[in-house]
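Here is what each chain is made of, one letter per residue.
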Amino acid sequence: MAGAAKHAFVIAGTSSGCGKTTVTLGLLRALIARGLRVQPFKIGPDYLDSGWHSAVSGVTSRNLDAFMLPTATLNGLFNRQMQQADVAVIEGVMGLYDGYGTDPNYCSSAAMAKQLGCPVILLVDGKAVSTSIAATVMGFQQFDPSLNIAGVILNRVNSDSHYQLLAEAITRFCGLPVLGRVPVMADVELPSRHLGLVPAQENAPQDVRWQQLAKQLEETINIDRLLALSRLNTLPEGDAPAIPNSALADGLTLALAEDEAFNFYYPDNLEMLEQAGVKIQRFSPLHDRTLPDCQMVWLGGGYPEVHGAKLAANTRMLESIQHAHQQRIPIYAECGGLMYLGESLTDGDGETHAMCGVLPGHSQMGKRLTRFGYCEATAKQDTLLAKKGETLRGHEFHYSDFNGPLPAALDCCKWRDGVAISRWQGGFQHETTFASYLHVHFAQRPEMLNHWLTLARNHL
């Protein structure tokens, strides 16, 4: 790899909730302060962590999803982003070996680190422990000897004396370098709600917080050693993903819902459409009165249930979207977008709000997750993204249910270790509108977009 050295490392944890996102944000800002070009990544399908990466670093974070994307395609997307970066900071998912089912080599942080050829920096909670921390680290180290765990960072360690005790135990019994500690910093705790973190769009990052965190990490983490351990000698083998049919896409305008209520989008999906020739025009269902002039509409996921009253009060936008549907402008909706297209939405407080009325049916918030995790969805009929019999790979994560008279368009199945543990039907194709709870990455099969583009060309 010619030119300046490139670096990449995976920040992995012993479990969810151990502080990976906060430490990732602090390292991003510390590296930027050194004049390095950073590229944040998030392993898995999560939109919220990657949204915070983007907001705090000013660089669009990318998802690395081994379930939805073939290996060569994922590597190709990674390589493309690394062309303009000095260092990739890759936040892991859950615990280091947690993946799809019990297979530690599929959809886990460990598997992704091996696929990309990146070292792992293990983040371990150091609160209320001493020598026993070495047993924890040793367990992760010995579970997969082929994995390059290059160093350890200790979280929630406030004093140097406690840190020295922990570092000595890890060095003595595990032979791993301990790169430093992160003290408890209440000012940089990230806000959360039922789906996880509150989106960065709703809680605008205060720059001083992240400057303070970056300064702290410069003082208590050996970033020079971190960079020395994370040199990326070669990029993984990969292929640039195909793009949809440019002859179909050229000249089309996509109206993209983006505001506090709708903001779950994979940047790679948007760039794929733009590379094919689609112009993206953003609009806000909360604040704008009408759709922009367009030939296609995308309503992504988000939190319409939190903003139900305000969405319902914007009757002109509801009418505008209903009119677009009546004019057979093809509309695609994911999760929160599905809820918005129904006749009404009942939020977590039991309040019911009128929605667009494009889809006959109602969404109802529950108290716990209705669906969570990866699934395969096979089309029962031709839809906007898949022909009858084709299968999409995606991710569901929602507390609501949608009920109405329309027949389901998808047969969905969740697998674990080769066994189907759950089957259900979902998604609705209503004239030229397709809506489902499934979040998908278009790079798994870019030609899935061609039917959407074909329908859109009828409105040029």
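Keep in mind the model is a prediction, meaning the values are calculated, not measured.

Novice: Can you tell me about the domain arrangement of the chain, naming the residues and giving the values?
Specialist: Partitioning the chain into structural domains gives domain 1 (7-230) and domain 2 (246-458). The gap between the C-alpha centroids of domain 1 and domain 2 is 31 Å. The interface is formed by 31 residues belonging to domain 1 together with 34 residues belonging to domain 2. In this assembly, domain 1 packs against domain 2 so that about 2900 Å² is buried in total across both faces, 61% of it on carbon and sulfur atoms.

Novice: Outline the packing of aromatic side chains, supporting the account with residue identities and numerical values.
Specialist: Enumeration over the complete set of coordinates arrives at 20 aromatic pairs. Relative to Phe442, the ring of Tyr332 has its centre 6.3 Å away and its plane inclined at 45°; by these criteria the two rings are tilted. Highlighted residues: Tyr332 in strand S16 (residues 331-334) and Phe442 in the loop between strand S27 (439-440) and helix H14 (450-457), separated in sequence by 110 residues. For Phe442, a relative accessible area of 0% translates into the label buried. Grouped by ring-pair contacts, the aromatic residues Tyr265, Trp298, Tyr332, Phe434, Phe442 and Trp452 constitute a single cluster. Taking the ring centre of Phe67 as reference, the NZ or CZ of Arg393 above it sits at 4.2 Å.

Novice: Can you tell me about the pattern of salt bridges, naming the residues and giving the values?
Specialist: This structure, assessed with the given rule, holds 15 salt bridges. Note that Asp207 and Arg29 form a salt bridge whose closest N and O atoms lie 2.8 Å from each other. With Asp207 in helix H7 (residues 207-220) and Arg29 in helix H1 (residues 20-33), this pair connects stretches of sequence that are 178 residues apart. What makes Asp207 partly exposed here is its relative accessible area of 41%.

Novice: Lay out the UniProt feature "active site" (unreviewed entry) in the chain with the relevant residues and their values.
Specialist: Mapped onto the present numbering, the UniProt feature "active site" (unreviewed entry) falls on Cys335. Note on placement: Cys335 falls in the loop between S16 and helix H13 (336-341). With sequence-adjacent residues up to four places away left out, Cys335 is seen in contact with Gly301, Phe397, His398, Ser436, Tyr437 and His439.

About the thresholds
- Residues numbered from 1 in each chain as written.
- Predicted model: local features only at pLDDT ≥ 70, side-chain atom pairs only at ≥ 80, totals over all residues.
- Heavy atoms only, no water.
- Domains from an automatic or database assignment.
- Contact = heavy atoms within 4.5 Å.
- Buried area = accessible area lost by both parts, 1.4 Å probe.
- Phe/Tyr/Trp six-rings, centres within 6.5 Å; stacked < 30°, edge-to-face > 60°.
- Helix = DSSP H or I, 4+ residues; strand = E, 2+ residues; numbered from the N terminus.
- Buried < 20%, exposed > 50% of the residue type's maximum accessible area, 1.4 Å probe, protein only.
- Lys NZ or Arg CZ within 6 Å of the ring centre and 35° of its normal.
- Salt bridge = Lys/Arg side-chain N within 4 Å of Asp/Glu carboxyl O.
- UniProt positions renumbered as here; feature names shortened; annotations may be inferred.

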